[in-house]
Amino acid sequence: MADTDNLKDTKEYFLDIPMKAAQSNVRGASALDWGMQNRLSRIFQPGSGKTVMLAVDHGYFQGPTAGLERVDVTIVPLLQNADALMCTRGILRSTIPASLQSGVVLRASGGPSILKELSNEHIAVDMDDAARLNVSAVAVQVYIGGEFESQSVHNMTRLVDAGLGRGIPVLGVTAVGKDMVRDARYFRLACRICAELGAQFVKTYYVDEGFETVTASCPVPVVMAGGKKLPELDALTMAYRAVQEGAAGVDMGRNIFQSDAPLAMIQAVNKVVHERMKPEHAYELYQTLQREQAGRPV
Ligand code: 5RP
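For every chain, the first residue of its written sequence is number 1, and the numbers climb from 1 along that sequence. Selection of residues for local features in this predicted model requires a pLDDT of at least 70, selection of side-chain atom pairs for listing and counting requires 80 or more, and totals for whole chains, interfaces and linings are taken over all residues. Hydrogens are left out, water is left out, and the side-chain values use all remaining heavy atoms of the structure.

**Topic: the environment of G253**
Thinking step 1. Helix and strand definitions follow DSSP, with helices as H or I runs of at least four residues and strands as E runs of at least two, each counted in order from the N terminus. For G253, the position within the fold is in the loop between strand 10 (249-252) and helix 10 (254-257).
Thinking step 2. For the pair G253 and Q80, spaced 173 residues apart in sequence, the C-alpha separation works out to 15 Å.
Thinking step 3. Note on contacts: a residue pair qualifies if any of its non-hydrogen atoms lie within 4.5 Å across the two residues. Once residues lying within four places of it in the same chain are set aside, the contact partners of G253 are A55 and H58.

Listed below in structure tokens is the structure:
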């Protein structure tokens, strides 16, 4: 039985302090359930409201990718610098330590390999398994304008329904086919469709012209996709511009793990995203860290 002797009288009601309503700093998230907001806060840092996601899910359609041949050797040492890791459940269960402190964004669509029509994807993970893995979100490819556009949108909406039932957010990834135009008009369309149909955040490519209209017209956070490997200064510049133009962070793969110095690169990306460090300074930092980490004099 609980000890109820000598209970202290209550008195600290702080009558002069208005009761605070908890507000999310994630765009569009304030009306979501507590569990979903809590999961989003494991992706988007509560301070900056931004994220550095490390994407290593490439194997789900292209097998062992350069830089990902041995995830245990090349990626695990980077993890403490990632707010969230985007990966498949195969890599998560086999290779990622369960003591991971970063959020996990689980690849939940798949089917075709690079040998086939990529837009012909299906849902590849049951939401119960995503819950079992304690992931912070699931990610699904959405091929607006692609051959299997409607099927990929349906994959997303089914995951959104399942996610709402369990408090697991969905990341809509706007996928571009070989022949699709990559401009602001296209990405406005693709991002808005994902958000309208329930994705709690969206991943899309940066475009030099009009990216701010893509972020402005999307009611949920837009995370910039990394894309093909660029020289480090160019990749840092792209990340800087994206954040300046309204992105809630980045989800970068090859531009980090195919860098000459992946650890230095992800550290520099963090400075750009969370502290708005100018790309030139972040590049200097990258070079300094690269030398330090290689054991050379700075
Ligand atoms: C494609 C994806 C990829 O699987 C991956 O995450 C891409 O990362 P990056 O282009 O930065 O190497 O989501 O849309």
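And the narrative resumes.
**Description of the site of the ligand**
Thinking step 1. We define proximity as follows: a residue is near a molecule or strand when any one of its heavy atoms falls within 4 Å of that partner. In the region of the ligand, 17 residues are neighbours, and D57, H58, Q141, G253 and R254 sit closest.
Thinking step 2. Q141 places a polar side-chain atom, nitrogen or oxygen, 2.8 Å from an oxygen atom of the ligand.
Thinking step 3. In isolation the ligand has 370 Å² of accessible area, and contact with the protein removes 95% of it.
Thinking step 4. Among the residues making up the shell around the ligand, the classes are represented as seven nonpolar, five polar and five charged. Each polar contact in these results corresponds to two N or O atoms within 3.5 Å; when the atoms are within protein, one needs to be able to donate a hydrogen and the other to accept it, and residues that are neighboring in sequence are counted only if both atoms are side-chain atoms. Note that accessible areas follow from Shrake-Rupley with a 1.4 Å probe, and for residues the cover is restricted to the protein chains shown. Three residue categories are used. Nonpolar comprises Ala, Val, Leu, Ile, Met, Phe, Trp, Tyr, Cys and Pro, charged comprises Asp, Glu, Lys and Arg, and polar comprises the others, including Gly.

**Observations concerning the sheet that holds strand 10**
Strand-to-strand pairing in sheets goes through backbone hydrogen bonds, with the strands running parallel or antiparallel.
Thinking step 1. Strand pairing is assigned whenever DSSP detects at least two bridges linking the two strands. Read around the closed barrel, the eight strands follow the order 1-2-3-6-7-8-9-10; overall the barrel is parallel. Taken pair by pair, the neighbouring strands of this sheet meet at an average axis angle of 25°, ignoring direction.
Thinking step 2. With three bridges connecting them, strand 7 (residues 170-174) and strand 8 (residues 201-204) associate as parallel partners. In the strand pairing of strand 8, V173 is matched with K203.
Thinking step 3. Lines are fitted to the C-alpha atoms to define the axes, a helix being fitted only along its stretch in contact, and any angle between axes, read from their N-to-C directions, falls within 0 to 180 degrees. Of the strands in this sheet, strand 9 (222-225) and strand 10 touch helix 9 (residues 232-244), which is tilted by about 165° from strand 9.

**So, the packing of helix 9 against helix 11 (residues 262-275)**
Thinking step 1. Two elements in contact, helix 9 and helix 11, have axes whose closest approach is 9 Å; the angle formed by their N-to-C orientations is 25°. Taken together, helix 9 and helix 11 sit at an angle that is classed as roughly parallel. Crossing hand, helix 9 versus helix 11: right-handed. In this structure, helix 9 uses E232, A235, L236, A239, Y240 and V243 to contact helix 11, whose residues at the interface are M265, A268, V269, V272 and V273.
Thinking step 2. Broken down by class, the residue content of the contact of helix 9 with helix 11 amounts to 10 nonpolar, no polar and one charged. Convention used here: angles under 35 degrees read as roughly parallel, angles over 145 as roughly antiparallel, angles from 65 to 115 as roughly perpendicular, and any remaining angle as oblique. Crossing handedness follows the turn of the near helix against the far one: under a right angle anticlockwise gives a left-handed crossing, and clockwise gives a right-handed one.

**A word on the pattern of salt bridges**
Opposite charge on two side chains makes pairing possible when the charged atoms of those side chains draw close.
Thinking step 1. For this analysis, a salt bridge means a side-chain nitrogen from Lys or Arg found within 4 Å of a carboxyl oxygen belonging to Asp or Glu. For the structure on display, the rule yields 10 salt bridges.
Thinking step 2. Here R192 makes a salt bridge to E196, at a shortest N to O gap of 2.6 Å. Here the residue R192 and the residue E196 both occupy positions in helix 7 (residues 184-196), the gap between them amounting to four residues, near one helical turn.
Thinking step 3. Exposure classes here rest on a 1.4 Å probe applied to the protein chains alone. A residue is buried below 20% of its type maximum, exposed above 50%, and partly exposed in between. For R192, a relative accessible area of 36% translates into the label partly exposed.
Thinking step 4. E196 sits in the exposed class, given a relative accessible area of 53%.

**Structural notes on the pairing of strand 8**
Thinking step 1. Judged by which residues are buried, strand 8 turns out to be covered on both faces: F201 and K203 on one side and V202 and T204 on the other are all buried.
Thinking step 2. Two elements, strand 8 and strand 9, share three bridges in a ladder whose sense is parallel. When the sheet's bridge partners are listed, T204 is paired in strand 9 with M224.

**Observations concerning unusual backbone geometry**
Thinking step 1. Although it is not a glycine, N6 sits at a positive phi angle of roughly 55°.
Thinking step 2. Along the chain, the position of N6 falls in the segment before helix 1 (34-40).

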